[in-house]
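Listed below, chain by chain, are the residues.
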Amino acid sequence: MMVKKTKGPLYIQIKEIMKDRILNGEYALHTYIPSEPQLENEFTVSKITVRNAIKELVQEGYLEKKSGRGTKVIANVSVAKLAKGKHFTEILVEEGHRITKNVLSIKQVELVDCNALRSILGDQCIKMERVYSLNNEPYIYFIHYLSLKLSEEEIKDVQITSLYRFLEEHHIRPESFRDEFQVSVAPSSIKEALNLEESSAVLKRIRRSSDEDGNFVEYSEGYYNTAKQNYVVSYNDSNQ
């Protein structure tokens, strides 16, 4: 994976990529991450850059350096929580699953024929389609519409590990979220992507996200193959 100086300090970019791998189970809890030379080759950076990225993750409590043995994952839960609960993917990773994310497409679109989206996001937005895989099998299909304008050159350079980190990089910070759930029959293209039978129903989640001023910044639809894994919400506050 390429990192670029134009996107800020290289060690910070690498730290965020590695953190995302930890949170999604690619670097599993109680296992050792790749060696420093392997990471240097992967990111095409110097030894000191890799060491600084690892040092940050050690300080944040995700990694522990073992003298003569390597660097071990000791925590895989993000400090930042959505509302008072854990992210769904965090729960799956804690249970030992592995989540991988693949961006299928990202493009600037005109919302001329979609009055509902146009009313909340404006005339143009970024449309992104992604698939999450659970233990190497397609599990969730996401379609995101984001209140963001990018040039063709900027779109070519986009690398997504965390959607909300990507938005923050563009000075968009969702502060409130509204989720709606329904049982749905997915469009044919999504059924194919999730390897679903023609008659299969899925859980559909519609999310509307707003910034601190109440402006809509995201509309998304997620299609979950719950035959593979139920959708789980876990709360830490016993009063809820």
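Residues numbered from 1 in each chain as written. Predicted model: local features only at pLDDT ≥ 70, side-chain atom pairs only at ≥ 80, totals over all residues. Heavy atoms only, no water.

This paragraph deals with the environment of Leu-163. Locating Leu-163 in the fold gives a position in helix H7 (residues 163-169). C-alpha separation for the pair Leu-163 and Met-128, spaced 35 residues apart in sequence, amounts to 10.0 Å. Residues within four places of Leu-163 in sequence aside, it is in contact with Met-128, Arg-130, His-144, Leu-146 and Glu-218. (Helix = DSSP H or I, 4+ residues; strand = E, 2+ residues; numbered from the N terminus. Contact = heavy atoms within 4.5 Å.)

What follows covers helix H1 (residues 10-23). Helical periodicity: at 3.6 residues per turn, an α-helix aligns residues three or four positions apart in one direction. In a regular helix each residue adds 1.5 Å, so 14 residues correspond to 20 Å; H1 covers 20 Å between its end C-alpha atoms and thus fits that length. Burial runs high along H1: 12 of the 14 residues are buried. Turning to H1, its buried residues number three or more, namely Leu-10, Gln-13, Ile-14, Lys-15, Glu-16, Ile-17, Met-18, Lys-19, Asp-20, Arg-21, Ile-22 and Leu-23. (Expected span 1.5 Å × (residues − 1). Buried < 20%, exposed > 50% of the residue type's maximum accessible area, 1.4 Å probe, protein only.)

Orientation of H1 relative to helix H3 (residues 47-59), taken along the N-to-C sense of each, is 55°, at an axis distance of 8 Å. Considering their axes alone, H1 and H3 lie oblique with respect to each other. Once H1 is placed against H3, the crossing between them reads as right-handed. Of the residues in H3, those touching H1 at Leu-10, Tyr-11, Ile-12, Ile-14, Lys-15, Met-18 and Lys-19 are Thr-49, Asn-52, Ala-53, Ile-54, Glu-56 and Leu-57. Here the residues of the contact of H1 with H3 are counted per class, giving 8 nonpolar, 2 polar and 3 charged. (Axes fitted to C-alpha atoms, helices over the stretch in contact; angles between N-to-C directions. Parallel < 35°, antiparallel > 145°, perpendicular 65-115°, else oblique. Left-handed = near helix turned anticlockwise from the far one by under 90°. Nonpolar A, V, L, I, M, F, W, Y, C, P; charged D, E, K, R; others polar.)

Let us now look at the sheet that holds strand S6 (residues 176-184). The sheet built from 6 strands is open, its strands ordered S3-S4-S5-S8-S7-S6 with antiparallel pairing. Of all strands in the sheet, those bounded by a partner on one side alone are strand S3 (99-110) and S6. Taking the axes of each pair of neighbouring strands and ignoring which way they run, one obtains an average angle of 15° across the sheet. (Pairing = 2+ DSSP bridges.)

Membership of the largest hydrophobic core comes to 19 residues, with the highest contact counts inside it found for Met-18, Ile-33, Leu-39 and Leu-63. Every element with two or more residues in this core is listed here: H1, helix H2 (36-43) and H3. Element by element, the count of residues in this core is highest for H1, at 6 residues. Grouped together as the second largest cluster of nonpolar side chains are 17 residues, Leu-117, Ile-143, Ala-186 and Ile-190 included. (Core = buried A, V, L, I, M, F, W, Y, C linked by side-chain atoms within 4.5 Å.)

Here we take up the layout of surface pockets. Space inside the second largest pocket adds up to approximately 500 Å³. Around the second largest pocket, the lining comprises 23 residues; the ones closest to its centre are Lys-7, Gln-13, Asp-157, Gln-159 and Glu-169. Breaking the lining of the second largest pocket down by element, the ones donating at least two residues are H1 and H7. Grouping the constituent residues of the lining of the second largest pocket by class yields 10 nonpolar, 7 polar and 6 charged. (1 Å grid on protein atoms, 1.4 Å probe; cavity = no way out; pocket = protein on both sides within 12 Å on 5 of 7 lines; lining within 4 Å. Points joined across faces, edges and corners; volume = space filled by probe spheres on them.)

Moving on, we come to the pattern of salt bridges. Evaluation of the coordinates by the stated rule reveals 20 salt bridges. Its salt-bridge partner being Arg-207, residue Asp-179 comes within 2.7 Å of it at the nearest N-O pair. Pair noted here: Asp-179 is in strand S6 and Arg-207 is in strand S7 (residues 202-210), with a separation of 28 residues, a long-range link. A salt bridge links Glu-180 to Arg-208; its shortest N-O distance comes to 3.0 Å. (Salt bridge = Lys/Arg side-chain N within 4 Å of Asp/Glu carboxyl O.)

Our focus in this paragraph is the packing of H1 against H2. Orientation of H1 relative to H2, taken along the N-to-C sense of each, is 110°, at an axis distance of 12 Å. By the angle between their axes, H1 is roughly perpendicular relative to H2. As for how H1 packs across H2, the hand of that crossing is right-handed. Contact residues: Ile-14, Ile-17, Met-18 and Arg-21 in H1; Leu-39, Glu-42 and Phe-43 in H2. Class assignment of the residues belonging to the contact of H1 with H2 gives a composition of 5 nonpolar, no polar and 2 charged.

Everything listed here is a matter of coordinates, which is why it stays silent on function.
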